[in-house]
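What follows is the residue order along each chain.
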Amino acid sequence: NTRKIKVSVGGMTCAACSNSVESALRSVHGVHEASVALLQNQASVVFDPDLLKDEDIKAAIEDAGFEAEILP
Ligand code: 9UX
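The structure presented is a predicted model; accordingly, all values stated were derived computationally and were not measured.

Chemist: Can you help me understand the overall build of the protein in this one?
Modeler: From N to C terminus, the protein includes two helices and four strands. For the protein, the sequential pattern of α-helices and β-strands runs β-α-β-β-α-β. Relative to the 2.2 N^0.38 estimate, which gives 11 Å for 72 residues, the radius of gyration of the protein is 11 Å and therefore close to what a compact globule would have. Expressed as lengths along the three principal axes of its C-alpha atoms, the size of the protein is roughly 35 × 25 × 15 Å.

Structure, rendered in structure tokens:
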């Protein structure tokens, strides 16, 4: 069971920022894939919806120190 979402990520200014957001997302139990496009200020995340809600993905990005909004 998988769900894929895109998230607008605010506050990333260099490639180390996007790498740390990716690492934070990949460390969450239930996340299958995460990639962050620095120039687009966007994260793409594939996860198990039985283990995580969209808001958990948003919270993981915020806990890493960035702003996050789930894209429709
Ligand atoms: Mo780059 Mo981002 O020096 O928090 S890591 S700005």
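Structure shown, so let's carry the discussion forward.
Chemist: What is the right way to look at the site of the ligand in this model?
Modeler: Close to the ligand lie Thr13, Cys14, Ala16 and Cys17, which account for all nearby residues. Taken together, the residues of the shell around the ligand break down into three nonpolar, one polar and no charged.

Chemist: Would you explain the nonpolar core in this entry?
Modeler: In globular proteins that are soluble, nonpolar side chains generally tend to be buried together. Counting 16 residues, the largest nonpolar core has Val7, Val9, Val21, Leu25, Ala43, Val45 and Ile61 as the members making the most contacts within it. At the level of secondary structure, the elements contributing two or more residues to this core comprise strand E1 (3–10), helix H1 (15–26), strand E2 (31–37), strand E3 (42–47) and helix H2 (54–63). Other than its neighbours up to four places away in sequence, valine 9 contacts Val21, Val36, Asn41, Gln42, Ala43, Ile61, Phe66, Glu67 and Ala68.

Chemist: Teacher, can you tell me more about H2 here?
Modeler: Each α-helix winds once per 3.6 residues, and so residues spaced three or four apart point in a common direction. Inspection of H2 places Ile57, Lys58, Ala60 and Ile61 among the buried residues, and these make up the whole buried set. The arc enclosing the buried residues of H2, seen along the axis, measures out at 160°, which places them on a common side. Turned more than 90 degrees off the buried face of H2, the exposed positions are Glu55 and Asp63. Looking one or two places after H2, you find glycine 65, whose phi comes out positive at around 105°.

Scoring rules and cut-offs
- Residues numbered from 1 in each chain as written.
- Predicted model: local features only at pLDDT ≥ 70, side-chain atom pairs only at ≥ 80, totals over all residues.
- Helix = DSSP H or I, 4+ residues; strand = E, 2+ residues; numbered from the N terminus.
- Rg over C-alpha atoms; globule rule 2.2 N^0.38 Å.
- Near = placed C-beta within 6 Å.
- Nonpolar A, V, L, I, M, F, W, Y, C, P; charged D, E, K, R; others polar.
- Core = buried A, V, L, I, M, F, W, Y, C linked by C-beta atoms within 7 Å.
- Buried ≥ 20, exposed ≤ 12 C-beta atoms within 10 Å, placed from the backbone.
- Contact = placed C-beta atoms within 7 Å.
- Arc of directions from axis to C-beta.

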